[in-house]
Amino acid sequence: MLEVLTGTGLAASAGLNAYIPLLTMGLLARYTDLVDLPGGWTWLGNGWVIAILAVLLAVEVVADKVPVVDHVNDVVQTVVRPTAGGLAFGAGSSAETVTVNDPASFFSSHQWVPVVTGVLVALGVHLLKSAARPVINATTAGVGAPVASTAEDATSVLMSVVAILLPVLVLVFLVALVAFVFWFRRRRADRREQRRAARAAGFRV
């Protein structure tokens, strides 16, 4: 169960920012004893890989905070974030961490399952983020973009660390995510209703 929560947390983190969970795992594996990556994923702890991820993260952090540019970035990241989510889930659920001592016992026979699961989790979070950002930009005249992006980055960092150190808390994030989905759908429905009412009032005038 902890393997699933670790993988889910890392994949969800990738849905917000593709590079944060991969960089987190690489740094922890290289410089601490908190993560022991399995043979197929040791490349994440390579110094060059960590450097490349850090550069990509810097570009992503800047691009995601500029209105309009953030939308273009989200289009590009539609491929990148799910891919990173698959990698993060696969590596995280198959690694030995402070909370997961025998990952092979869970994903022993179907190694593709965690990767596909991570892709789907990250894609879902990414699509929600991509749908929410235009609404935030429109309602705040673009001012909300850097605020929302900073909050997303912070959540991604927190979720990556929590998924590795205390994966049970990933459940809290999942509950909050479901609550946000319902709130967001309700918000969009209310806005559509307000626009219909405004158009109807205009026609009557």
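Here we summarise the structure given alongside this text. (Residues numbered from 1 in each chain as written. Predicted model: local features only at pLDDT ≥ 70, side-chain atom pairs only at ≥ 80, totals over all residues. Heavy atoms only, no water.)

### Here we look at the overall build of the protein chain
Note the following rule: Think of it this way: any DSSP run of H or I at least four residues long counts as a helix, any run of E at least two long counts as a strand, and we number them from the N terminus. When a residue's accessible area, from a 1.4 Å probe over protein chains only, is under 20% of the maximum for its type it is buried; when over 50% it is exposed; and in between it is partly exposed. A contact between two residues is defined here by any heavy atoms of the two lying within 4.5 Å. To measure how exposed things are, a 1.4 Å probe is used in the Shrake-Rupley method; for residues, cover is taken only from the protein chains shown.
When helices and strands are tallied, the protein chain shows 7 helices and 2 strands. Taken from the N to the C terminus, the helices and strands of the protein chain come in the order α-α-β-α-α-β-α-α-α. By the burial criterion, 41% of the 205 residues in the protein chain qualify as buried. Residue pairs at least 24 apart in sequence account for 76% of intrachain contacts in the protein chain once pairs closer than 6 positions are excluded. Accessible surface for the protein chain amounts to roughly 10700 Å². Of this, 71% is attributable to carbon and sulfur atoms.

### Considerations on the packing of helix H1 (residues 2-16) against helix H6 (residues 144-165)
Heads up, the condition is: Fitted lines through C-alpha atoms give the axes, limited to the stretch in contact for helices. The angle between two N-to-C directions lies from 0 to 180 degrees. By the definition adopted for this analysis, an angle is roughly parallel if under 35 degrees, roughly antiparallel if over 145, roughly perpendicular if from 65 to 115, and oblique otherwise. Take the far helix as your reference; a near helix turned counterclockwise from it by less than a right angle gives a left-handed crossing, and one turned clockwise gives a right-handed crossing. Each residue receives one of three labels: charged for Asp, Glu, Lys and Arg, nonpolar for Ala, Val, Leu, Ile, Met, Phe, Trp, Tyr, Cys and Pro, and polar for the others, Gly being one of them.
One can describe the packing of H1 onto H6 by two numbers: an axis separation of 8 Å at closest approach and a directional angle of 165°. Our classification of the angle between H1 and H6 gives roughly antiparallel. Where H1 crosses over H6, the two elements pack in a sense that is left-handed. From H1, Leu5, Thr6, Gly9, Leu10, Ser13 and Leu16 reach across to H6, where they touch Glu152, Thr155, Ser156, Met159, Ser160, Ala163 and Ile164. When grouped by side-chain class, the residues that make up the contact of H1 with H6 number 6 nonpolar, 6 polar and 1 charged.

### Observations regarding the pattern of salt bridges
Note the threshold: Basic side-chain nitrogens of Lys or Arg form a salt bridge, by our definition, when they fall within 4 Å of a carboxyl oxygen of Asp or Glu.
In this structure the tally under the stated criterion is 8 salt bridges. Linking aspartate 153 and lysine 65 is a salt bridge whose minimum nitrogen-to-oxygen distance equals 2.7 Å. Of this pair, aspartate 153 sits in helix H6 while lysine 65 sits in the loop between helix H3 (47-63) and helix H4 (69-94); the two residues are 88 residues apart in sequence, bridging distant segments of the chain. Residue arginine 133 is joined to aspartate 70 by a salt bridge in which the shortest nitrogen-to-oxygen separation is 3.0 Å. On the criterion of sequence distance, the pair formed by arginine 133 in helix H5 (residues 112-140) and aspartate 70 in helix H4 is long-range, its members being 63 residues apart. Each member of the pair, arginine 133 as well as aspartate 70, is classed as buried. Taken together, the shared-partner salt bridges connect Asp64, Asp70, Lys129, Arg133 and Glu152 into one network.

### Concerning a nonpolar patch on the surface
Here is the rule: Patch membership needs two things, relative accessible area over 30% and no salt bridge, and members are linked within 9 Å if like-charged or within 5 Å if nonpolar (Val, Leu, Ile, Met, Phe, Trp, Tyr).
Taken together, the side chains of Val157, Val161, Leu165, Leu166, Leu169 and Val172 present a nonpolar region at the surface, about 460 Å² in accessible area. It is H6 that provides the largest number of residues to the nonpolar patch, a total of 3 residues. With respect to the helices and strands, valine 172 occurs in helix H7 (residues 170-204).

### Examining the environment of leucine 57
With respect to the element layout, leucine 57 can be found in helix H3. Between the C-alpha atom of leucine 57 and that of asparagine 17, which follows or precedes it by 40 residues, the distance is 8.1 Å. Not counting the four nearest positions on each side in its chain, leucine 57 is found in contact with Asn17, Tyr19, Ile20 and Leu23.

### Focus: the layout of surface pockets
Put simply, the rule is: Detection works on a 1 Å grid of protein atoms alone, calling trapped sets that fit a 1.4 Å probe cavities and calling open sets with protein on both sides within 12 Å along at least five of seven lines pockets, with lining residues defined by an atom within 4 Å of a point. Grid points are joined across faces, edges and corners, and a volume is the space filled by probe spheres set on the points.
There is about 440 Å³ of room inside the largest pocket. What lines the largest pocket is a set of 19 residues, among which Leu16, Ala132, Ile136, Glu152 and Phe180 lie closest to the centre. Those elements that place two or more of their residues in the lining of the largest pocket are H5, H6 and H7.

### With respect to the packing of helix H2 (residues 19-31) against H6
Two measures define how a pair of helices packs: the angle their axes make with one another and the distance between the axes. Packing of H2 against H6 leaves a shortest axis separation of 9 Å and a crossing angle of 45°. The angle between the axes of H2 and H6 places the two elements in the oblique class. The two elements H2 and H6 cross, and the hand of that crossing is right-handed. Taken together, the residues of H6 that come into contact with H2 (itself represented by Ile20, Pro21, Thr24, Met25 and Leu28) are Asp153, Ser156, Val157, Ser160, Val161 and Ile164. Considering only residue class, the contact of H2 with H6 consists of 7 nonpolar, 3 polar and 1 charged.

### Structural notes on the side chain of aspartate 64
Take aspartate 64: it is sitting in the loop between H3 and H4. When near neighbours in sequence (up to four residues on either side) are disregarded, aspartate 64 contacts Asp70, Asn73, Asp74, Arg81, Lys129, Arg133, Ala145, Ser149 and Glu152.

### Examining the side chain of serine 160
Note that serine 160 resides in helix H6. In this structure, serine 160 is in contact with Leu10, Ser13, Ile20, Pro21 and Thr24, ignoring residues within four places of it in sequence.

Spatial relationships are all this shows, so hold off on functional conclusions.
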